[in-house]
Amino acid sequence: QVLLVESGGGLVQVGGSLRLSCEASGRTFDTYSTAWFRQAPGKEREFVAGVSWSGGVTSYADHVKGRFTISRRNAKVTVYLQMNSLEPEDTAVYYCATTPAAITQVLEYPSRYDYWGQGTQVTVSS
């Protein structure tokens, strides 16, 4: 069983920044894709950004390109989401997810992920 814990959410003004963290435990010898998703009230859960096990391949949703950056620590225990130039439309619960994948593979669909964190709230005030 893989356990994920998100942290770093909070309240920020328009144009501000936050850094979310996702710490994993319980992984074995497989390689993993890890991604951030978000869900606002009344909306479907949507892909935000993903990173391969190698850390060298990333993917971003169109609405966050140029503003958000996903990265891994070299130890591969923690994945970060640096969020800059935040907008009210970014307000949502942000979830970290991970699943076994090839070393350079990034998966973008929620149904492909086996393990999920509890979520962290991000609120951008206008």
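Now for a look at the structure at hand. (Residues numbered from 1 in each chain as written. Predicted model: local features only at pLDDT ≥ 70, side-chain atom pairs only at ≥ 80, totals over all residues. Heavy atoms only, no water.)

So, on to the pairing of strand 4 (residues 32-39). Within strand 4, seven of the eight residues are buried, which leaves it mostly tucked inside the rest of the structure. Two strands pair when backbone bridges link them, and strand 4 and strand 9 (residues 92-100) are joined in this way by eight bridges, in the antiparallel orientation. Counterpart to W36 in the pairing with strand 9 is C96. Sheet topology places strand 4 next to strand 5 (residues 46-51); five bridges connect them, and they run antiparallel. In the sheet register, F37 faces strand 5, and the bridge partner there is F47. Hairpin connection from strand 4 to strand 5: six residues lie between these consecutive antiparallel strands, with G42 at a positive phi of about 80°. (Buried < 20%, exposed > 50% of the residue type's maximum accessible area, 1.4 Å probe, protein only. Helix = DSSP H or I, 4+ residues; strand = E, 2+ residues; numbered from the N terminus. Pairing = 2+ DSSP bridges.)

Quick look at the state of the cysteines now. In this structure the tally under the stated criterion is one disulfide. Covalently, C22 is tied to C96 through a disulfide, its sulfur atoms 2.0 Å apart. On the S-S bond that ties C22 to C96, the torsion sits near -75°, and the link is left-handed. Here the residue C22 occupies a position in strand 3 (residues 18-25), and C96 occupies one in strand 9, the gap between them amounting to 74 residues. C96 sits in the buried class, given a relative accessible area of 0%. (Disulfide = S-S within 2.5 Å.)

In this structure, W36, V48, F68, L81, M83 and Y94 are the most contacted members of the largest nonpolar core, which totals 34 residues. Here Y94 is in contact with E6, L20, W36, F37, R38, V48, F68, L81, M83, G119, T120 and V122, once residues within four sequence places are set aside. (Core = buried A, V, L, I, M, F, W, Y, C linked by side-chain atoms within 4.5 Å. Contact = heavy atoms within 4.5 Å.)

With that settled, the discussion passes to the pattern of salt bridges. Throughout the structure, instances matching the rule amount to five salt bridges. Two residues, R67 and E87, come together in a salt bridge whose shortest N-O distance is 3.9 Å. Of this pair, R67 sits in the loop between strand 6 (58-60) and strand 7 (68-72) while E87 sits in the loop between strand 8 (78-83) and strand 9, and the two are 20 residues apart along the sequence. Taking relative accessible area as the criterion, R67 reaches 11% and is therefore assigned buried. When its relative accessible area of 33% is taken as the criterion, E87 is described as partly exposed. Where D90 meets R67, a salt bridge forms, and the shortest distance between an N and an O atom there is 2.8 Å. With a gap of 23 residues between them, D90 in the loop between strand 8 and strand 9 and R67 in the loop between strand 6 and strand 7 connect regions that are remote in the sequence. Accessibility classification places D90 together with R67 in one group, the buried group. Connected via shared salt-bridge partners are R38, E46, R67, E87 and D90. (Salt bridge = Lys/Arg side-chain N within 4 Å of Asp/Glu carboxyl O.)

Geometric values such as these leave the question of function open.
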